[in-house]
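Coordinate inspection notes
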Amino acid sequence: MIKFFRKIRYNLMAQNKTGKYLKYAIGEIVLVMIGILLALQVNTWNENKKSKIKFNKLLINVFNDLEVDLKVAQGVIDFYNKKDTLGTNIINGKYSVSDYKNNVIPDILFFGHTGFYVTDMGYNALMENTDNIPSEYEQLIADLNRQYIITAERIEANLKVFSNIVESTRTRYALNFPWYSQIDSVSNEKRRQYSVNNPIYKNEVRLYKRYGIENFSRSVKHFYQQGLPLFLTLKKVINDTSPLPSFFPKNADGFDSVKSDYLGNYLFSNGNELIVKEINGFLFIYINDSPSAILSFVSKDILKNHNNGNILSFERDESNKVIGWTNGANNITKVIAND
């Protein structure tokens, strides 16, 4: 091809056709420039393709880590929900010595606890390769940062305080009560009497509820609530087609075409605002741009909030448009409909 163009140039010069030669030269320069631009474009396309493949592999690791963490988080939440009920009953004096003796209440002393540690290896690997992150995933990266930096750090801080309180309480029992580590009948009876009759024990249960359930367990629940829509987004990005794992609430995907009726902004009577959004076919309640609950379908206009278990009864006007809901305690008004 090069010899072909060179021959044309020589012929034009030999025939003293300067004008045609200049036009040809300009055309040849244009062709060379087009060739260079095409080569650069192909190279950029190849690099973007390689970058996206690498980014996708990194996201798969994040997705797998998140799936494990959400499953563990659900177990931790269930554990502390049971503790919450037990603690409330202990504080209110609802258990007798015979309840402890007959295992109506499973814990003779209340202070068993379980931790939760976020798996961030996949996320850290992703952050070490920020040059490979396509620009269209900026919001996804922001959501991951919130999950693995802000929320994870809050969990770690709350767990540290809570663990110190539990260990301090156990140490106090070990140093002051001989029956604490004994399992004979006399020691067992002393433990039961202490659990039922000592007001200090109730105060310790209150501390447990405050730092273990209201602080630590709540931060784990926040990780779980944020993680569900994040999990769905990652699932779509990496094109994962496997069934949803068991930690997703039942019937959360049971909506039909009416789910679009519920989307929009809602206002509490005290002025607080929330938004019902759809994430890949699922409905979520967002407060302050953060997911606070996933909704499941009970029946038309009857939905369940899986954060607190409340049933939301949606109301419609004469034109069949959703205008708000009631949860038994509050009436929430719809103010803006999402397109």
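Here, every reference points to the structure presented above.
Before going into details, it helps to say that this report is about the structure given with it. (Residues numbered from 1 in each chain as written. Predicted model: local features only at pLDDT ≥ 70, side-chain atom pairs only at ≥ 80, totals over all residues. Heavy atoms only, no water.)

Some thoughts on the packing of aromatic side chains
This structure, assessed with the given rule, holds 32 aromatic pairs. Ring geometry for Phe 111 against Tyr 173: centres 6.0 Å apart, planes inclined by 50°, an arrangement best described as tilted. Of this pair, Phe 111 sits in the loop between α3 (97-101) and α4 (121-127) while Tyr 173 sits in helix α5 (residues 138-176), and the two are 62 residues apart along the sequence. For Phe 111, a relative accessible area of 7% puts it in the buried group. For Tyr 173, a relative accessible area of 1% gives the class buried. Directly above the aromatic system of Phe 110 lies the positively charged group of Lys 83, at a separation of 4.8 Å from the ring centroid. Over the aromatic face of Tyr 173 sits the side chain of Arg 172, whose NZ or CZ is 5.1 Å from the ring centroid. (Phe/Tyr/Trp six-rings, centres within 6.5 Å; stacked < 30°, edge-to-face > 60°. Helix = DSSP H or I, 4+ residues; strand = E, 2+ residues; numbered from the N terminus. Buried < 20%, exposed > 50% of the residue type's maximum accessible area, 1.4 Å probe, protein only. Lys NZ or Arg CZ within 6 Å of the ring centre and 35° of its normal.)

Notes on the pattern of salt bridges
This structure, assessed with the given rule, holds eight salt bridges. For Asp 261, the salt bridge is made with Arg 316, and the minimal N-O distance between the two is 3.0 Å. Here Asp 261 is found in the loop between α7 (199-237) and β1 (264-267), whereas its partner Arg 316 is found in strand β6 (residues 311-316), with 55 residues between them in sequence. Residues joined by salt bridges that share partners form a network here, namely Asp 261, Asp 301 and Arg 316. (Salt bridge = Lys/Arg side-chain N within 4 Å of Asp/Glu carboxyl O.)

A short note on the pairing of strand β7 (residues 322-326)
Sheet topology note: the β6/β7 ladder contains four bridges and is antiparallel. Paired with Glu 315 across the bridge in β7 is Gly 324. Here β6 folds back onto β7, and the loop between the two strands holds five residues, one of which, Asn 320, carries a positive phi near 75°. (Pairing = 2+ DSSP bridges.)

Observations concerning the nonpolar core
Of all hydrophobic cores here, the largest spans 61 residues; its most connected members are Leu 144, Tyr 201, Phe 216 and Leu 234. Among the elements of the structure, α2 (18-91), α3, α4, α5, α6 (185-197), α7 and β3 (282-287) are those that each provide at least two residues to this core. Residue contributions to this core peak at 14 residues, all from α2. Listed in part, the 17 residues of the second largest apolar core include Leu 274, Leu 303, Val 322 and Trp 325. (Core = buried A, V, L, I, M, F, W, Y, C linked by side-chain atoms within 4.5 Å.)

Some points on the layout of surface pockets
Taken as a whole, the largest pocket encloses approximately 390 Å³ of empty space. Together, 18 residues line the largest pocket, and Ile 77, Asp 78, Tyr 224, His 306 and Asn 307 are the ones closest to its centre. Those elements that provide at least two residues to the lining of the largest pocket are α2, α7 and β4 (290-299). Here the lining of the largest pocket is built from residues that sort into eight nonpolar, seven polar and three charged. Computed from the structure, the second largest pocket encloses a volume of approximately 320 Å³. For the lining of the second largest pocket, the secondary-structure elements that each account for two or more residues are α5, α7 and β2 (273-279). A class-by-class count of the residues in the lining of the second largest pocket yields eight nonpolar, four polar and five charged. (1 Å grid on protein atoms, 1.4 Å probe; cavity = no way out; pocket = protein on both sides within 12 Å on 5 of 7 lines; lining within 4 Å. Points joined across faces, edges and corners; volume = space filled by probe spheres on them. Nonpolar A, V, L, I, M, F, W, Y, C, P; charged D, E, K, R; others polar.)

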